[in-house]
Amino acid sequence: MNDTYQKLFNMIEETPFPQGLKEAIWKKIEAEAKKQRRIQMGMYISASFASGFGMVFLFTLLLKSLAASGIYEYLSLIVSDGGTLISFWKEFALTFMESLPVLGLTAFLAVGALFLWSGARLLRTVRPSVLIVHS
Amino acid sequence: MEHTDSELIHDYLKGDSRAFSSLVDKHLPAVYAFVYRLTGNKDEASDISQESFVKVWKNISRYDHNQNFKTWLFTIARNTTIDFLRKRREIVFSKMEYEEGEGFGVAIPDPEPLPDVLFEKKEIKEKVEGALNTLSPDQKTVVILHYKDGLTFEQIGKVVGKSVNTVKSQYRRSLASLRKYLE
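Residues numbered from 1 in each chain as written. Chains lettered and ligands numbered in written order. Predicted model: local features only at pLDDT ≥ 70, side-chain atom pairs only at ≥ 80, totals over all residues. Heavy atoms only, no water.

## Some remarks on the overall build of chain A
Each helix and strand in chain A was counted, giving 6 helices and 0 strands. In terms of overall size, chain A is more extended than a compact globule, its C-alpha atoms giving a radius of gyration of 31 Å where 135 residues would be expected to give roughly 14 Å. When its C-alpha atoms are laid out on the principal axes, chain A stretches across 100 × 35 × 25 Å. Within chain A, contacts between residues separated by at least 24 positions form 82% of all contacts whose residues are at least 6 apart in sequence. Positive and negative side-chain charges in chain A, numbering 13 and 10 respectively, have mean positions lying 10 Å apart. (Helix = DSSP H or I, 4+ residues; strand = E, 2+ residues; numbered from the N terminus. Rg over C-alpha atoms; globule rule 2.2 N^0.38 Å. Contact = heavy atoms within 4.5 Å. Lys, Arg positive; Asp, Glu negative; His and termini not counted. Charge placed at Lys NZ, Arg CZ, Asp CG, Glu CD.)

Structure representation (structure tokens):
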């Protein structure tokens with residue numbers, strides 16, 4: 001049964017695709033790729049700027065927090081009385097850690113990481129590899 | 001050495017841009033022919049083919065390598081065609097569709113082979129085209145994908161989003177309609 005119907009369908013001549021269709025497809029894909037790159041660049045630029053300003057703001061806050069925490073006194077102790085420090089290093093370490101402005105530090109590092117990441121992605125987007133090479 | 005579709009996709013995702021070019025070269029004739037059969041218009045077939053390959057490019061990283069690429073490609077082409085025809089308000093894909101194929105699979109017998117004398121007629125080629133145009137879009141899709149593109153009923157089922165039994169039912173109806181028209 002299938003052979004006779006296959007024979008029938010073999011008689012159908014396919015309409016060849018028009019000249020220029022391949023090129024039209026490439027053009028559309030390249031236009032789409034450019035559009036995607038523009039959107040991505042916009043996102044990464046916004047993220048870089050926002051995180052950059054955020055870093056400056058958080059760094060200022062962090063410095064104030066560090067000053068208020070008394071951590072500079074601990075640091076000066078390292079320089080001035082190293083011997084005592086070595087004897088009581090465990091207690092010193094614990095006290096030092098407790099005095100750190102953890103929240104501020106975490107926020108600053110997180111925003112800093114976002115800044116670096118968005119900057120790296122932006123650079124990657126700006127110099128894309130060749131999208132399509134076609135014959 | 002010709003690469004398989006999976007190899008070409010893998011190469012493209014690894015950064016070989018020529019691989020996607022090869023994919024398009026390989027499948028564009030079949031996709032265009034398929035879409036043209038559904039729309040009957042060369043300009044529309046061109047537009048839809050372009051749109052289909054752009055969609056393939058956009059979603060290539062999400063392609064499931066366990067799935068046959070041709071099946072995936074034709075699914076995109078068919079859906080794009082449906083969207084296009086819906087906008088033109090010419091969609092009749094729901095016509096003669098049946099949700100359950102089992103009942104009809106039993107009721108419709110396999111069409112008998114076409115008589116040899118049919119192929120001796122000079123005007124048979126023109127009649128075949130006319131016969132195809134009497135089929136509904138879904139029926140046309142099934143027989144074209146089966147006979148021209150070599151897809152199995154299971155693959156066709158994935159393309160049209162229907163069960164294998166429904167596809168077989170539409171296939172039998174299509175052949176019966178073709179036979180009736182040609183005799």
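Past the structure itself, the notes keep going.
## Structural notes on the overall build of chain B
Regarding its fold elements, chain B presents 10 helices and 0 strands. Listing each helix as α and each strand as β along chain B from the N terminus yields α-α-α-α-α-α-α-α-α-α. Taken over 183 residues, chain B has a buried fraction of 50%. Of the contacts formed within chain B by residues at least 6 apart in sequence, a portion of 68% connects residues at least 24 apart. Surface summary for chain B: the accessible area is close to 9,100 Å², and the carbon and sulfur share equals 47%. (Buried < 20%, exposed > 50% of the residue type's maximum accessible area, 1.4 Å probe, protein only. Areas by Shrake-Rupley, 256 points an atom, 1.4 Å probe, with all protein chains shown as cover.)

## Observations regarding the interface of chain A and chain B
Contacts between the two partners involve 32 residues from chain A, matched on the other side by 41 residues from chain B. Counting each side, the surface lost to burial between chain A and chain B is near 3,600 Å², with a carbon and sulfur contribution of 70%. Viewed at the interface, chain B and chain A are joined by 3 salt bridges. In this structure, Lys-28 of chain A and Glu-51 of chain B form a salt bridge, with 3.4 Å as the shortest nitrogen-oxygen distance. Our enumeration of links across chain A and chain B arrives at 5 residue pairs in polar contact (both at pLDDT 80 or more). (Buried area = accessible area lost by both parts, 1.4 Å probe. Salt bridge = Lys/Arg side-chain N within 4 Å of Asp/Glu carboxyl O. Polar contact = N/O pair within 3.5 Å; in protein donor to acceptor, adjacent residues only side chain to side chain.)

## A closer look at the packing of helix H9 (residues 153-160) of chain B against helix H10 (residues 164-182) of chain B
The description of two helices packed together rests on the angle between their axes and the distance between the axes. Residue and element names in this part refer to chain B. Orientation of H9 relative to H10, taken along the N-to-C sense of each, is 100°, at an axis distance of 8 Å. Taken as axis vectors, H9 and H10 run roughly perpendicular relative to one another. On the side of H9, the interface is formed by Phe-153, Glu-154, Ile-156, Gly-157 and Val-160, while H10 contributes Val-164, Val-167, Lys-168 and Tyr-171. Here the contact of H9 with H10 is built from residues that sort into 6 nonpolar, 1 polar and 2 charged. (Axes fitted to C-alpha atoms, helices over the stretch in contact; angles between N-to-C directions. Parallel < 35°, antiparallel > 145°, perpendicular 65-115°, else oblique. Nonpolar A, V, L, I, M, F, W, Y, C, P; charged D, E, K, R; others polar.)

## A few points about the side chain of Glu-32 of chain A
Looking at the element boundaries, Glu-32 of chain A is found in helix H2 (residues 21-69). Apart from residues lying up to four places away in sequence, Glu-32 of chain A is in contact with Val-54, Trp-57 and Lys-58 of chain B.

## Describing helix H6 (residues 102-126) of chain A
Residue and element names in this part refer to chain A. The end-to-end C-alpha distance of H6 is 36 Å, a good match for the 36 Å that 25 residues give at a rise of 1.5 Å each. When H6 is considered as a whole, its buried residues turn out to be Phe-108, Val-111, Gly-112, Ser-118, Leu-122 and Thr-125. Where H6 is buried, its residues touch H2. (Expected span 1.5 Å × (residues − 1).)

## A few points about the side chain of Gln-155 of chain B
By the element assignment, Gln-155 of chain B lies in helix H9. When near neighbours in sequence (up to four residues on either side) are disregarded, Gln-155 of chain B contacts Asn-68, Thr-71 and Gly-150 of chain B.

## Regarding helix H3 (residues 42-59) of chain B
Its 18 residues give H3 of chain B an end-to-end C-alpha distance of 26 Å, which sits within 8% of 26 Å, the value for a rise of 1.5 Å per residue. Residues of H3 of chain B that are buried include every one of Glu-44, Ala-45, Ser-46, Ile-48, Ser-49, Gln-50, Ser-52, Phe-53, Val-54, Val-56 and Trp-57 of chain B, and no others. The secondary structure elements touched by the buried residues of H3 of chain B are H2 of chain A together with helix H1 (5-13), helix H2 (17-39) and helix H4 (69-87) of chain B.

## Digging into the confidence of the model for chain B
All names here are of chain B. On average, residues of chain B score 84 in pLDDT, and 84% of them are at 70 or above. Ranking the elements of chain B by mean pLDDT puts helix H5 (residues 102-107) last, at 43, and H3 first, at 95. Reported confidences for the modelled complex are a pTM of 0.72 and an ipTM of 0.76. (pLDDT = per-residue confidence, 0-100.)

## A look at the packing of helix H8 (residues 137-147) of chain B against H9 of chain B
All names here are of chain B. Between H8 and H9, the least distance of the axes is 10 Å, while the angle of their chain directions is 135°. As summarised for this structure, H8 and H9 are arranged oblique, according to the angle between their axes. Both H8 and H9 take part in a crossing whose hand is right-handed. Residues Thr-141, Val-142, Leu-145 and His-146 of H8 touch H9, and the partners they reach there are Phe-153, Ile-156, Val-159 and Val-160. Class assignment of the residues belonging to the contact of H8 with H9 gives a composition of 6 nonpolar, 2 polar and no charged. (Left-handed = near helix turned anticlockwise from the far one by under 90°.)

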